[in-house]
Amino acid sequence: MGAHEMHPDPKRDGGDSSTAPLGIVVGVDGSDHGQCALVWAAREAERRRRPLHIVTAYSVPIFAASGLDGGYATVDDSVIREGAEAIVKQALDKVSGYTIDVDASVENGDASGVLLEMSESAELLVFGTRGRGGFVGRLLGSVSSALPAHAKCPTVTVPLICSDRLGETTEDKRIKAEQARSGHQPVENVVVVGVDGSEQARVAVLEAASQAERLGATLRVVCAVPQYSGSLAWVPAPMDRKALFADIRVQLDAGMAWLKSHFPHLPVESELKDGSPVDVLVEASRHVELIVVGTRGRGGFTGMLLGSTSDGVLHHAKGPVLVVPDREDPRLADRASFGPILGAA
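All residue numbers here refer to positions counted from 1 along the written sequence of the relevant chain. Confidence filtering applies because this is a predicted model: local features only for residues at pLDDT of at least 70, side-chain atom pairs given and counted only at 80 or more, and all residues used for totals across whole chains, interfaces and linings. Here the side-chain values reflect all heavy atoms present in the structure, with hydrogen atoms and water set aside.

### Some details on the overall build of the protein
Alright, step 1. For the protein, the count of helices and strands is 9 helices and 13 strands.
Alright, step 2. Any two residues whose heavy atoms approach within 4.5 Å at even a single point are treated as in contact. Restricting the contact set of the protein to residue pairs at least 6 apart, pairs at least 24 apart contribute 79%.
Alright, step 3. Residue burial considers only the protein chains on display, and all accessible areas are found by Shrake-Rupley using a 1.4 Å probe. When the accessible area of the protein is evaluated, it comes to approximately 16,100 Å², of which 52% is carbon and sulfur surface. Secondary structure elements follow DSSP: runs of H or I of four or more residues count as helices, runs of E of two or more count as strands, with numbering from the N terminus.

The following block contains the structure:
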């Protein structure tokens, strides 16, 4: 068993953002959503042999005074802090059986801001889809796109619907009803990554390949081609989709050859799908270990994730979703030598 340590408030110990923990950071708030994220993060820390940092955050509410004197009043934060400390202690107990180094902290501040600051030194951020209105409860509200889009490290969103595959239970009636309708679905040991020809997608492919290696899984590279949208209504004649698919297949195969050159021992496969990229992503998430996408793209698979449909994708995925930020990778330099690039002019 690894070491366990709790820091109720790093500022009281003279800490600052420059000493934020490395490794995997998971946000918890005591909700079922947070518990699922915690279990996934602990398993991932064990796979990567990296430390796990558990964090919760709270803000002290401020009330407007109603008297003639005006002004504002704040509440004593001692009760709130005690509740937050109890949550992280409970989380520490829950992961005590994992062979990992763990520590925890209670932060005073906005939940998304706390995680974004920690992302500067973290290897991975993990959080649930919703919570009790505290830490993770706000992450997929008004700032649902902000965290994956602006975090400096990859983020993983763990939906409550996959609690059963994590060995967790929930009293959420809506989730229980949905699980009952879908029944038990075996999860393939597969990591799915969406591509659209963008540089960001290729970065996501490399991250997905590394993740598949850690899981001992097969990597499935998926390119989805949607039907024409209203923005293409001006096209004078229908494009030959058969020819379009044949052209994309040539470029996709070239990309697969490049990928195999960097991961020669990883089982990889590719799929060219006809349909909405978001629908393809959500459907695949039902029965694979992980979905991986980039933060932005050409308006196709990954491009839609953090645009107008981000809430739909992140809230309706049936399994964990890993979002990879745009970053430099020296392995991208030799992609062109393997053939035509998907989406290149």
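### Things to note about helix α8 (residues 277-285)
Alright, step 1. Relative accessible area decides the class of each residue, using a 1.4 Å probe on protein chains only: under 20% of the type maximum gives buried, over 50% gives exposed, and in between gives partly exposed. Among the 9 residues in α8, 7 count as buried, and that is most of the element.
Alright, step 2. Three or more residues of α8 are buried, namely Pro277, Val278, Val280, Leu281, Val282, Ala284 and Ser285.

### Some points on the environment of Ser182
Alright, step 1. Tracing the backbone through its elements, the reader meets Ser182 in helix α5 (residues 173-182).
Alright, step 2. Overall, the relative accessible area of 35% leaves Ser182 in the partly exposed class.
Alright, step 3. In this structure the C-alpha to C-alpha distance between Ser182 and Arg286, which are 104 residues apart in sequence, comes to 9.5 Å.
Alright, step 4. Among the polar contacts listed, one links the side chain of Ser182 to the backbone oxygen of Gln179, at a separation of 3.2 Å. Pairs of N or O atoms within 3.5 Å make up the polar contacts considered here, provided that, within protein, one atom can donate a hydrogen while the other can accept it, and that residues adjacent in sequence are counted only when both atoms are side-chain atoms.

### A word on helix α3 (residues 111-118)
Alright, step 1. Residues Ala111, Ser112, Val114, Leu115 and Met118 constitute the buried set of α3. In a view along the axis of α3, the buried residues occupy a sector of 160°, so they form one face of it. Note: the arc covers the axis-to-C-beta directions of the helix.

### Observations regarding the nonpolar core
Alright, step 1. Throughout this description, the term nonpolar core refers to a set of buried Ala, Val, Leu, Ile, Met, Phe, Trp, Tyr and Cys residues connected via side-chain atoms within 4.5 Å. Leu52, Ile54, Val126, Leu219 and Leu259 are the most contacted members of the largest nonpolar core, which totals 64 residues.
Alright, step 2. If near-sequence neighbours (up to four positions away) are discounted, Ile54 is found in contact with Val26, Val28, Leu38, Val88, Ala91, Leu92, Val95, Val102, Asp103, Ala104 and Ser105.
Alright, step 3. By size, the runner-up hydrophobic cluster in this structure holds 13 residues, among which are Val190, Ala224, Val293 and Val321.

### Topic: the state of the cysteines
Alright, step 1. Throughout, disulfides are identified as pairs of cysteine sulfur atoms within 2.5 Å of each other. Taken as a whole and assessed by the stated rule, the structure comprises 0 disulfides.
Alright, step 2. As a non-bridged cysteine, Cys36 has Cys162 as the owner of its nearest cysteine sulfur, 5.8 Å distant.
Alright, step 3. Exposure remark for Cys36: the relative accessible area of 1% places this residue in the buried category.

### Details of the packing of helix α1 (residues 32-48) against helix α6 (residues 199-215)
Alright, step 1. Orientation is described by lines fitted to C-alpha atoms, with helices fitted over the stretch in contact, and by angles between N-to-C directions that extend from 0 to 180 degrees. The geometry of α1 relative to α6 is characterised by a closest axis approach of 10 Å and an angle of 85° between their N-to-C directions. The orientation of α1 with respect to α6, classified from their angle, is roughly perpendicular. Each of Trp40, Glu44, Arg47 and Arg48 in α1 lies in contact with α6, whose residues at this interface are Glu207, Gln211, Arg214 and Leu215.
Alright, step 2. For this scheme, ten residues count as nonpolar: Ala, Val, Leu, Ile, Met, Phe, Trp, Tyr, Cys and Pro. Four count as charged, namely Asp, Glu, Lys and Arg, and the remainder, Gly too, count as polar. Residues that form the contact of α1 with α6 fall into these classes: 2 nonpolar, 1 polar and 5 charged. Geometric relationships in this document are graded by angle, where less than 35 degrees denotes roughly parallel, more than 145 denotes roughly antiparallel, 65 to 115 denotes roughly perpendicular, and other angles denote oblique.

### Notes on unusual backbone geometry
Alright, step 1. At Arg49, a residue that is not glycine, the phi angle is positive and equals roughly 55°.
Alright, step 2. Residue position: Arg49 is located in the loop between α1 and β3 (52-58).
Alright, step 3. Residue Arg49 is classed as exposed on the basis of its relative accessible area, which comes to 78%.

### So, the packing of aromatic side chains
Alright, step 1. Pairing of aromatic side chains requires ring centres within 6.5 Å, counting the rings of Phe and Tyr and the six-membered ring of Trp. Pairs whose planes differ by under 30 degrees are stacked, by over 60 edge-to-face, and all others tilted. Enumeration according to the criterion identifies 0 aromatic pairs in this entry.
Alright, step 2. A ring is considered to have a charge above it if a Lys NZ or an Arg CZ atom is located within 6 Å of its centre and within 35 degrees of its normal. If you follow Arg47 out to its NZ or CZ, it ends over the ring of Trp40, 5.8 Å from the centre.

### A word on the pattern of salt bridges
Alright, step 1. Whenever a carboxyl oxygen of Asp or Glu lies within 4 Å of a side-chain nitrogen of Lys or Arg, that contact is scored as a salt bridge. For the structure on display, the rule yields 21 salt bridges.
Alright, step 2. For Asp253, the salt bridge identified is with Arg249, shortest N-O distance 3.0 Å. Linking Asp253 with Arg249, this pair stays in helix α7 (residues 241-262), spanning 4 residues, or about one helical turn.
Alright, step 3. Here Asp253 falls in the partly exposed class, since its relative accessible area comes to 39%.
Alright, step 4. One salt-bridge network, in which partners are shared between bridges, spans Glu44, Arg47, Arg48, Arg50, Glu123, Glu207, Arg214 and Arg327.

### A short note on the environment of Asp101
Alright, step 1. Within the secondary structure layout, Asp101 lies in the loop between α2 (78-94) and β6 (102-108).
Alright, step 2. Classification of Asp101 by relative accessible area gives partly exposed; the value is 43%.
Alright, step 3. Linking Asp101 and Glu46, residues 55 residues apart in sequence, is a C-alpha distance of 9.1 Å.

### Description of the pairing of strand β9 (residues 188-194)
Alright, step 1. Within β9, 5 of the 7 residues are buried, leaving the element largely enclosed by the surrounding structure.
Alright, step 2. In this analysis, strands are considered paired if DSSP registers two or more bridges between them. Bridge count for β9 against strand β10 (residues 218-225) is 5 bridges, and the pairing is parallel. Bridge pairing in β10 places Val192 opposite Arg220.
Alright, step 3. Seen with its strands pointing away from the viewer, a crossover is right-handed when the path leading from the first strand over the helix to the second is clockwise. The parallel pair β9 and β10, bridged by α6, forms a crossover whose chirality is right-handed.

### Quick word on the side chain of Glu168
Alright, step 1. Within the secondary structure, Glu168 is located in the loop between β8 (155-158) and α5.
Alright, step 2. Here the side chain of Glu168 touches Lys94 through a polar contact of 3.2 Å, side chain to side chain.

### With respect to the side chain of Glu107
Alright, step 1. With respect to the helices and strands, Glu107 occurs in strand β6.
Alright, step 2. Given a relative accessible area of 10%, Glu107 falls into the buried group.

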